[in-house]
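# Architecture at a glance
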Amino acid sequence: MTIELSKGYDPTDVEPRWYAEWIRAGHFNAEDTGDAANAYCIAIPPPNVTGSLHMGHALFSTIQDALIRTARMRGFNTLWQPGVDHAGIATEVVVSRLLASEGTSRKELGRERFLQRVWQWKEQSGGRITEQLRTMGASPDWSRERFTMDEQCSRAVREAFVRLYEEGLIYRGERLVNWSVKAQTVISDLEVERAEEDGELFSFAYLFADGSGEIIVATTRPETILGDTAVAVHPDDPRYKDAIGKQLKCPFADRTIPVIADSVLVDMKFGTGAVKVTPAHDFNDYETGRRHSLPFINILNLDGTLNENGAAFAGRDRFDARKAVKKALDEMGLARERKQHRLSIAREARTADILEPMLLPQWYVHAKPLADKALAAVREGKTTIEPEEWVKTWEHWLTNIQEWCISRQLWWGHQIPAWYCDACKEITVARTTPSKCSKCGHTSLKQESDVLDTWFSSALWPFSTLGWPDKTKALETFYPTSVMETGYDILFFWVARMMMFGIHFMGEVPFKRVLLHGMVCDERGEKMSKVKGNVIDPLHLIHGATLPTIVEAASQRGTSAEDALKKFKQCYPSYAERGEGFAAFGADAVRFYLATNPPQATRINLQLRQVERARNFANKLWNATRFALPYLEPLFDEGADGSMPSAAEMSPADRWIVARLAAATEEVNRGLDEFRLDECSTAIRRFFWDELCDWYLELSKPVLNGADERAKSTTRRVLARCLEASFRLLHPIMPFVTEELWQKLPASVRAPRANGAVATHVCVAKFGAIGDYARDEAAERALAFVQGVITAARNIRGELGIKQKDAIALRVRPASDEQRALLTQYDAQIRALTIASGVTIEAPGRRPRGVGFAVVEGAEVIVPLAGLIDPAAEQARLEKEIAKGKKDLEKVNKQLSNENFIARAAVEAVQSTRDEAASLAARLGKLEEALAVVREADAR
RNA sequence: GCGGGCAUAACUCAGCGGUAGAGUGCGACCUUCACACGGUCGAAGUCACAGGUUCAAAUCCUGUUGCCCGCACCA
């Protein structure tokens, strides 16, 4: 039987096939065994139901899938818990837009019909991302997919809310919150996006009520004058000493406000040193208001218009009112100065609406006691955070924890299970809809219309998905989960809150390790956004796309093709200059590329050429296998022995490659355990490409094509085993190509499952473990010599410009019997790889004239140049070598002449330096002798 | 303002106490029967700057400069 592979690897053909096959085989399914010791679990950071795959998802799915696949191959009962969250604001925005396009609105439909509509939208177009994760090769247990709004998660949310309320950790209170007029809801402090923008600082005068003059204050929001309840000055400010305590006239209302002294709010050096105080519409003023017991005057309606406190401006929109107030002050002769001013503006992320601080009753979680426990858990090592740079940030945030506002004025979400009694106004909080008031027994109850923050349900995710509040077998098996892997940017949003709730409700941390990754940015390090026109769709990299398609997807709708292309080229200069689209690089390539980035990087600057490089690596795997398969034919026979040969049977090259495999296996395992996928990918790439392909395959060719059947059999098995082992090591990062190629190998060389049973797929074959293969120092030394001779000869060829077609008559003078034997054994290989007509073993004696010369491990490599090139060219090359050798030797000698070094450095350090000096000196001596010969020849 | 991080080859980044590494890019040569998505050879770095600790510092400490990220402030 002969398996023929096409010349190049085509991921588009391979990837979908294997995904379907894995699912069919049920390999991703976990079991609720109750055996926690053998369980491995990661709860997916649930993507938004509105979302579609972006680079961030591609990154997390690559990392988590690699960890999950490794654990599965190692024989753990592995659960990657999938699901999406309901994304309160985002979903309402999406569906509201849809409704607007249909000429209707949320309000028009009413709560019930609106929610029906959202569910309908969710069924049709929500959760597209879970399909896309399949394209990435992600291997969660899809049979357990959860949604934060499904029955199970909703029950957990109600239970959590009620318990926290009963424990006094949830309360309703009136505080200043960030109100979004456009989104019609409050948002939490964490979700506020601040940016510097240009604005105007407007100054005007407050007149004293007694007519004794004025105080000038400045503001960027003149309409808030209507809510002012004081003007503050610094108590130490001599300018205003007499003003303190006096009353000022409100320009638009029939009331007066006091001048107060406050050293916290007022910076004497800023502006006039006097500040208007609007406690109901500014966070600092709010605190000031509380300190001085000032009245809180709310001037805004929820729709952003001014309310009855807005006097003449009542009913006008906040921004109209601003203009009108300025004009009015102008007309009253109170306006003083206008100047351009940079200020930081708070906006809501989804709608870009300017947020208004407003005084509204909301529900809060009293976070402090929960945060203390989360803090302690990390300090006590119950949960580790990696990379550890983030621990300080974690500590800082949790020690300064703010109350968590959990109510949102949305319809889409978990409606708060609190009921207000019409009769006594008391609040009844209950798991199921109560029939009467818990206080007065009245039956006229109305449920709180607000819903909970999406993060509230997400915070329960690691255990709500496993069946909490019931005591389930799944919880017993998989809680605490093994790892939480996510972007550092949601350390607070999510990780901290999961920790708080996990510890509180489960009595145990929700995960043992927190692994954080960075943000995928464009080539220049800019965050991806449609505004910048630098968004890359991972699916375009996977399936291929033309440049116009890529560019169109990169930018906002409505951007001209020309502009979009210009922006794109700026963001990806090194790639865009080619003017090409993407070939279908495949999910494996995208994964491999993403895995090469170290986890400490807060930014991963997308290098499109590197994705290409990763694709090339897949092709390399393919072609190495394509080369090997015909030679492996005997291993396909019934009952063929595909075992790894014993060391005694193997040649030095065989032992060497197995030793290198052992090293790679070690590095890959270490990399995985230390959350360093970059080191895994480097190690496996180096082993496969630089060692297996560049050396072992080349050295094996003469053996495989030769007549020595025993050597052939050994090499065949070593080669097959190395390929097989490589595919297993690489599988967690490049699942598709490794599965495809592993399946093509003879069954006789394929590893079984971790439990010894036959593995039908590489995705369940035993993962390579440290100790599976033997290190072999003698073989490494031997091959260093053989490779050294070949490299030296190639170097002479290359530097002296010997033509490829010209064979050299290589001569080597070995420094030991071992070297002599290796030269004989690898005669064919050395000839082939250096394009030599022969390798003559040179007896000791005088150096011949007219040769290229090099020293390798004490042996002399001699390349006669007669008839090929002018031997004089060798002089320059030798001089360069000698100069380099002298410099190295000088450095080492200097160190050895330092008495302190000899006396104080570690014994091994001194010895290795001495050895180094000796070998450098010997080498230099030989090179100098060779140079002398060249000069002599030249002089004649 | 407070806190954190980063400065290493043209680019993107590893290395974090014992003679400077990778990939890309660059230059030269090669279509040799796995792969041009390839092969061989080569050029390229006072490891930001200034001090200190050490026998030894890219690596540890201090300071300076320049970037970046949080948090706060910006009337």
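A quick note: this is a predicted structure, and the numbers were derived from the prediction, not measured.

Definitions and cut-offs
- Residues numbered from 1 in each chain as written.
- Chains lettered and ligands numbered in written order.
- Predicted model: local features only at pLDDT ≥ 70, side-chain atom pairs only at ≥ 80, totals over all residues.
- Heavy atoms only, no water.
- Pairing = 2+ DSSP bridges.
- Helix = DSSP H or I, 4+ residues; strand = E, 2+ residues; numbered from the N terminus.
- Axes fitted to C-alpha atoms, helices over the stretch in contact; angles between N-to-C directions.
- Contact = heavy atoms within 4.5 Å.
- Buried < 20%, exposed > 50% of the residue type's maximum accessible area, 1.4 Å probe, protein only.
- Arc of directions from axis to C-beta.
- Near = heavy atom within 4 Å.
- Polar contact = N/O pair within 3.5 Å; in protein donor to acceptor, adjacent residues only side chain to side chain.
- 1 Å grid on protein atoms, 1.4 Å probe; cavity = no way out; pocket = protein on both sides within 12 Å on 5 of 7 lines; lining within 4 Å.
- Points joined across faces, edges and corners; volume = space filled by probe spheres on them.
- Nonpolar A, V, L, I, M, F, W, Y, C, P; charged D, E, K, R; others polar.
- Domains from an automatic or database assignment.
- Parallel < 35°, antiparallel > 145°, perpendicular 65-115°, else oblique.
- Left-handed = near helix turned anticlockwise from the far one by under 90°.
- Right-handed = clockwise from strand over helix to strand, strands pointing away.

## What to know about the sheet that holds strand 29 (residues 859-864)
Strand order in the open sheet formed by 4 strands is 27-26-29-28, and the pairing between neighbours is mixed. At either end of the open sheet lies a strand with only one pairing partner, and these are strand 27 (836-841) and strand 28 (851-856). Between one strand axis and the next, the sheet turns through 20 degrees on average, direction left out of account. As paired elements, strand 28 and strand 29 share 6 bridges and run antiparallel to each other. Following the sheet pairing, Ala-854 is matched in strand 29 by Val-861. Running over the sheet, helix 25 (residues 777-800) touches strand 26 (808-813), strand 28 and strand 29 and is turned about 150 degrees from strand 28.

## Points about unusual backbone geometry
The linkage connecting Trp-468 with the following residue, Pro-469, adopts the cis geometry, with an omega of 15 degrees. In this fold, Pro-469 is placed in the loop between helix 12 (461-464) and helix 13 (473-478). Its identity as a non-glycine residue notwithstanding, Lys-425 has a phi of 70 degrees, on the positive side. When its relative accessible area of 62% is taken as the criterion, Lys-425 is described as exposed. Positive phi, close to 60 degrees, is recorded for Phe-675, a residue that is not glycine. Tracing the backbone shows Phe-675 in the loop between helix 21 (652-673) and helix 22 (677-704). Exposure remark for Phe-675: the relative accessible area of 4% places this residue in the buried category.

## Quick look at helix 17 (residues 561-571)
Among the residues of helix 17, Ala-564, Phe-568 and Cys-571 are the ones counted as buried. The arc enclosing the buried residues of helix 17, seen along the axis, measures out at 65 degrees, which places them on a common side. Summarising the geometry of helix 17, the exposed residues directed more than 90 degrees from the buried face are Glu-562 and Lys-566. The inward-facing, buried residues of helix 17 contact helix 16 (547-554) and helix 18 (573-576).

## Here's the deal with the protein's contact with RNA strand B
Neighbouring RNA strand B are 52 residues, the closest being Ala-218, Val-275, Arg-613, Arg-904 and Glu-916. Put simply, 68% of the atoms of RNA strand B that lie within 4 Å of the protein are in sugar or phosphate. One of the side-chain N or O atoms of Gln-610 is found 2.8 Å from a sugar or linking oxygen in RNA strand B. Take Trp-689: an N or O atom from its side chain is 2.5 Å from a phosphate oxygen of RNA strand B. Sorting elements by how many residues they give to the surface near RNA strand B places helix 20 (residues 608-628) first, with 11 residues.

## Here's the deal with empty space enclosed by the protein
Summed over all chains, the structure comprises 4 cavities of 30 Å³ or more. Taken as a whole, the largest cavity encloses approximately 100 Å³ of empty space. Taken together, 14 residues make up the lining of the largest cavity; nearest its centre are Ile-63, Asn-597, Pro-598, Pro-599 and Phe-675. Secondary structure elements with two or more residues in the lining of the largest cavity: helix 2 (55-73), helix 19 (587-595) and helix 22. Counted by class, the lining of the largest cavity contains 10 nonpolar, 3 polar and 1 charged residues. Both of domain 1 (31-156 + 455-517) and domain 4 (609-775) provide at least three residues apiece to the lining of the largest cavity.

## Focus: the environment of Thr-625
Residue position: Thr-625 is located in helix 20. In sequence terms Thr-625 and Leu-5 are 620 residues apart; their C-alpha atoms lie 8.5 Å from each other. Excluding residues that lie within four positions of it along the chain, Thr-625 makes contacts with Leu-5, Leu-723, Phe-727 and Leu-741.

## What about the packing of helix 23 (residues 709-730) against helix 24 (residues 735-744)?
Running from N to C, helix 23 and helix 24 point in directions that differ by 155 degrees, and their axes come no closer than 9 Å. Comparing the axis directions of helix 23 and helix 24 gives the class roughly antiparallel. The crossing of helix 23 and helix 24 is left-handed. Residues Glu-724, Phe-727, Arg-728 and Leu-730 of helix 23 touch helix 24, and the partners they reach there are Thr-738, Leu-741 and Trp-742. For the contact of helix 23 with helix 24, the per-class residue count stands at 4 nonpolar, 1 polar and 2 charged.

## Focus: the pairing of strand 2 (residues 77-81)
The buried count for strand 2 comes to 5 of 5 residues, which makes it a mostly enclosed element. Side-chain alternation along strand 2 places Asn-77, Leu-79 and Gln-81 on one buried face and Thr-78 and Trp-80 on a second face that is also buried. Across 5 bridges, strand 1 (residues 39-43) lies against strand 2 in parallel orientation. Counted as the bridge partner of Ala-43 is Gln-81 from strand 2. Of the crossover connections in this fold, the one passing from strand 1 over helix 2 to the parallel strand 2 is right-handed.

## A closer look at the domain arrangement of chain A
When its domains are assigned, chain A resolves into domain 1 (31-156 + 455-517), domain 2 (185-357), domain 3 (521-584), domain 4 (609-775) and domain 5 (784-939). Here the C-alpha centroids of domain 2 and domain 3 sit 45 Å apart.

## Remarks on the side chain of Asp-453
When you line up the elements, Asp-453 lands in the loop between strand 21 (451-452) and helix 11 (454-458). The class of Asp-453 is buried, set by a relative accessible area of 2%. Polar side-chain contacts of Asp-453 include one of 3.1 Å to the side chain of Trp-404. Residue contacts for Asp-453: discarding those within four places in its chain leaves Trp-404, Cys-405, Ile-406, Arg-408 and Arg-497.

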